[in-house]
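# Coordinate analysis (summary)
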Amino acid sequence: MDFSTIRNLISRYCAGEENWVDSRTVYIGHKVPPPGTEAYIPQRYPDNRIVSSKYTFWNFIPKNLFEQFRRIANFYFLIIFLVQLIIDTPTSPITSGLPLFFVITVTAIKQGYEDWLRHKADNAINQCPVHVVQHGKVVRKQSRKLQVGDVVLVKEDETFPCDLILLSTSRDDGTCFVTTASLDGESSHKTYYAVQDTKAFNTEEEVDTIQATIECEQPQPDLYKFVGRINIYLDRDEPIARPLGSENLLLRGATLKNTEYIYAVAIYTGMETKMALNYQSKSQKRSAVEKSMNAYLIVYLCILISKALINTVFKYVWQADPNRDEPWYNQKTETERQRHILIRAFTDFLAFMVLFNYIIPVSMYVTVEMQKFLGSYFISWDDEMFDEELGEGALVNTSDLNEELGQVEYVFTDKTGTLTENNMEFIECCVDGHVYVPHAICNGQIMSGASSIDMIDSSPSAEGKEHEELFFRALCLCHTVQVKEEETVDGIKRGIHQGKATSFYISSSPDEVALVEGMKRLGFTYLRLKDNHMEILNREDEIERFELLEVLNFDSVRRRMSVIVRSNSGELYLFCKGADSSIFPRVISGKVDQVRARVEHNAVEGLRTLCVAYKRLSREEYEQVCHLLSSAKLALQDRDKKLAEAYDVIERDFILLGATAVEDRLQDKAADTIESLHKAGMKVWVLTGDKMETAAATCYASKLFRRNTQILELTTKRTEEQSLHDVLFDLSRTVLRQHGSMTRDTFSGLSSDFQDYGLIIDGATLSAVMKPAQEGSGTGGNYKEIFLEICRNCSAVLCCRMAPLQKAQIVKLIKASKEHPITLAIGDGANDVSMILEAHVGIGIMGKEGRQAARNSDYAIPKFKHLKKMLLVHGHYYYIRISELVQYFFYKNVCFIFPQFLYQFFCGFSQQPLYDTAYLTLYNISFTSLPILLYSLIEQHINMDILKRDPSLYRDIAKNSLLQWPIFVYWTFLGVFDAVVFFFGAFFLFDNTTFTSNGQMFGNWTFGTLVFTVLVFTVTLKLALDTHYWTWINHFVIWGSLLFYVIFSLLWGGIIWPFLNYQRMYYVFMQMLASGPAWLSIILLIMVSLLPDVVKKVLCRALWPTTTERIQNADKLYKGHLSEFTPLSSLHAPPVHGRGHNEGQNHTHRRTNWCCLCANLFLRNTP
């Protein structure tokens, strides 16, 4: 053994990190190589287990507790609870401990249940059976037990369990066909190739005899890149080395098609597969509302500390007078009195903290958790989001983000299977200006009336007839379609015609299938490729045979493909089809103007167009072509470049035949949904792995790009002509020249006055933009900012040829921009999981591409169209409800605890509670909790139909507008005002000692109970004033809560409870109700407390109404039956161009509004 082998051993076993090794060696079938060839170094690889869950059985409690105590309120109440246990405080530890325990338990159960569902889904995948070749026999084992080096047997329509190198297939040529829909979103069939030296091993026994090793790179996430080699040991000493590339690598998640079976060796397993490496790690998502809550809690914590500090200081200032020292009845021991003043002050400070700690509403978190959990069922129960075809409705995987659905600013959507149905439909073809429109053709499904042809314009001449047949033959020959003879595919019967099973087509391009099927409908049927001859059945039911001589494959630079064929009569043809921009410049004759006009017409309609041309070749020309191609193909250096030059020479001097139009059918109402999202102020980006032309056509069809949209390209093709730096600055000047410093949001409603821009960028250019700046590279680091500035000024962006991680990078880039917008990602395949996990809100579509996206998303919906209701209705309602819940909780706790603070100034700062312990404990738990919980579940401030019809209402709640600091300050000051009214109102009304009818005086507990009664009634009636949607449940809960408080107080004070060591509340409530002045003061103080809020509402609605308030008023005037013909735009707030603009008109308008709103303010709250 030489030193290099020892060094390898040390690096593999002692480094502790597999990343130290640049490559891995895999032994096929775990067979040791022959002696003397190379050292056998066993390596350890992970098993094939996939993990998408967050917790395990062992780490659930510590990890969940850690996450929960990261919340400020939870951590704060834990500290308060510990303080109450350690020192003597005015209130019992139960008052803090019990609510905290309840919050932690409810949250843990909810999150544990959600993670259990993920575990369940993971187990279903990990326990899937796979077939492995061992000792010449096929053995079944669970997918999770698969190891690197195992030889796997995969049958047709099965999904690959891990990343595999193809060894052999059931086909003689060693090829197999695969769909990678769940990886890159493309549902077309792709061809993969077995290793040349192993493709003949077609049985388990033969495969088991293979002795070979594979050397390849360590796992990396690029789906389209793989570098390796296989060393095959035959009878000779030296192994045969063959290169391995991406065409030999079968990726986990892809599906075997049109191939009976394959044998392949596992190369990457489990979380090292390319699919798993493209997953983002799961992180805890937190909504904007929760961040606002945490910010408010910090403010209230500061208020709490200030209160405790002020009271502590004033206590010692007050006690500085010897006459006001602590009285003997406080029962302090001498030891306590002799304690150091700093220790006494600190203990008092903690006691005040405990006394005032109710200003921090721990029960708010319980209510929020319950509201989110129960509220999420409204999405699941929504019948309008139920899909009959799938038999499923919407799913909620994470209820923590409900309100975030109402705050979305950017929507990132996949294309294939999300916007489109993944079904190509042949629409029409145009030959020399004559348009042919067959009946509907879709994926081999032959509709009724298939024989008829609708020819627009006049019938073609004799020359036209020849061109027509050449056009049809060209499309039957210029393709890479394979024919499947069986009757079923994917378990679905296909191609049944006149009672007989007919063949149907599969291809790497769904467009090609649609075109060949279209020709079949027009009388020319492609039959098969047999012995290098392509067979066509013409209209006279005669079989024509063409020898396939050369195929010039399609590539994205040329944007065309060609075939050279020889007919039965010996004539040589070169048929070419491609994009109009790549065909028209190479045409020397034909009816170019008529065809160009039809192509432009179809492009405007959002159809995918291709042009078809041909030329006849003489024998000499054909020989030159063969020589050019063979010399280019044999080149070892710059092969691609030389092939491109050869193609350029060959594909010239065409005669134009015509053009085709194919539609990738959009999902139902996809265009309407995107239009609604635009009106709601959201920017929609399409991120797809598909080709640029295909994606752009879909964007036009879905109204992402409009007819007047100027398309800006930031693609590889353009950056080859100019430097990236110049292209970016050109685009930046273009958009900023029109828009100046304004963003799209500024003029989204005035699009007709501004040029609309759409940006197209591809994956390679994005990588260059995202590349970190090199030292000394000057402006390199500014590319991201310039790119973002261009994107901000574009109404829509299309990113094509995106790898899964690039999709996530785009989302991350927008999230991290200076505005920090809320992002939503929606997709249906495993290639979309990364961006779904990266975005603030991830939505999976239950599509044809597996359930990885739906399983890893926060929400899952059956179709893209359901996104409209989920955001515009559910999201809107959730945000309105929870923002009121949060502000209301802080408000009612200020009302609750501020009188306690004022009371200390009247009781010598002795930490005497104003309220009884039962009231302290039950205020947030029982007396005021149910009304706000119910409000946050069923409130509908605007009718659901209006929200769907007028998406612009979504803008009223954008950017967390209802939880901004000014509104928070308003609610806080309202709470302080009400608290001052409660306390000083009661204090001054009873300034002279009040006697009851029997001559008894009111004591401190009666005073506290009076303040508490006014408090409970005021905060409950405040919520009643804010309620727009009244049902019998609202009435029951609101009035029932007030009744419960009265009944509880009567019972609590009407009975001597034996388990209490004090009876201070005995008969207090009844004594208070027996006093006439007490009744008068309760009613008076409630009215005074509610008055400022009522006045503010009336003034704001009269003078500065929002769009929402205008529609609410109109809906009331129409008695809740606002007609669908009522122009909602007339109810929108007019744009304000200046303070003095149209002032006379505004004055009249305001006066009318004032009268209308005064009448309607109370009407809207009338049951």
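Not measured: the values here are computed from a predicted model.

## As for the nonpolar core
Counting 93 residues, the largest nonpolar core has M364, F896, Y915, F1012 and L1015 as its most contacted members. If you tally residues by element for this core, the top one is helix α28 (residues 866-903), at 17 residues. If sequence neighbours within four positions are ignored, M364 has contacts with M293, L885, V886, F889 and F890. Listed in part, the 40 residues of the second largest apolar core include M385, V684, A796 and I843.

## Here we look at helix α3 (residues 72-86)
Compared with the 21 Å implied by 1.5 Å per residue over 15 residues, the 21 Å span of α3 between its first and last C-alpha is a close match. Along α3, the residues that are buried comprise A73, N74, Y76, F77, I80, V83 and Q84.

## Some points on the UniProt feature "transmembrane region" (unreviewed entry) in the protein
The UniProt feature table records "transmembrane region" (unreviewed entry) at residues 69-87, 295-318, 349-368, 918-938, 968-990, 1002-1024, 1036-1060 and 1066-1091. When the span residues 295-318 is considered, its composition is 100% helix and 0% strand, and the gap between its end C-alpha atoms is 35 Å. A distance of 30 Å separates the end C-alpha atoms of residues 918-938, which is 95% helix and 0% strand.

## What about the sheet that holds strand β14 (residues 395-396)?
Taken in spatial order, the nine strands line up as β14-β41-β40-β39-β15-β35-β38-β37-β36 in an open sheet, and their pairing is mixed. The open sheet has two free edges, formed respectively by β14 and β36 (709-714), since each of these has just one partner strand. Two elements, strand β39 (residues 823-827) and strand β40 (residues 841-845), share four bridges in a ladder whose sense is parallel. Following the sheet pairing, G827 is matched in β40 by G844. Contacting β15 (410-413), β35 (683-687), β38 (796-800) and β39, helix α25 (residues 804-815) runs over the sheet at an angle of about 155° to β35. On the sheet, α28 packs against β15, β39, β40 and β41 (859-861) and is oriented at approximately 135° with respect to β41.

## Remarks on the sheet that holds strand β9 (residues 228-232)
Pairing within the open sheet is antiparallel, and its four strands lie in the order β1-β8-β9-β10. Pairing within the sheet leaves two strands with one partner each, and these edge strands are β1 (23-27) and β10 (240-244). Each adjacent strand pair in this sheet contributes to an overall mean axis angle of 20°, direction not counted. Sheet analysis places β1 next to strand β8 (residues 212-217), joined by five bridges and oriented antiparallel. By the bridge assignment for β8, R24 is matched with C216.

Rules behind the numbers
Residues numbered from 1 in each chain as written. Predicted model: local features only at pLDDT ≥ 70, side-chain atom pairs only at ≥ 80, totals over all residues. Heavy atoms only, no water. Core = buried A, V, L, I, M, F, W, Y, C linked by side-chain atoms within 4.5 Å. Buried < 20%, exposed > 50% of the residue type's maximum accessible area, 1.4 Å probe, protein only. Helix = DSSP H or I, 4+ residues; strand = E, 2+ residues; numbered from the N terminus. Contact = heavy atoms within 4.5 Å. Expected span 1.5 Å × (residues − 1). UniProt positions renumbered as here; feature names shortened; annotations may be inferred. Pairing = 2+ DSSP bridges. Axes fitted to C-alpha atoms, helices over the stretch in contact; angles between N-to-C directions.

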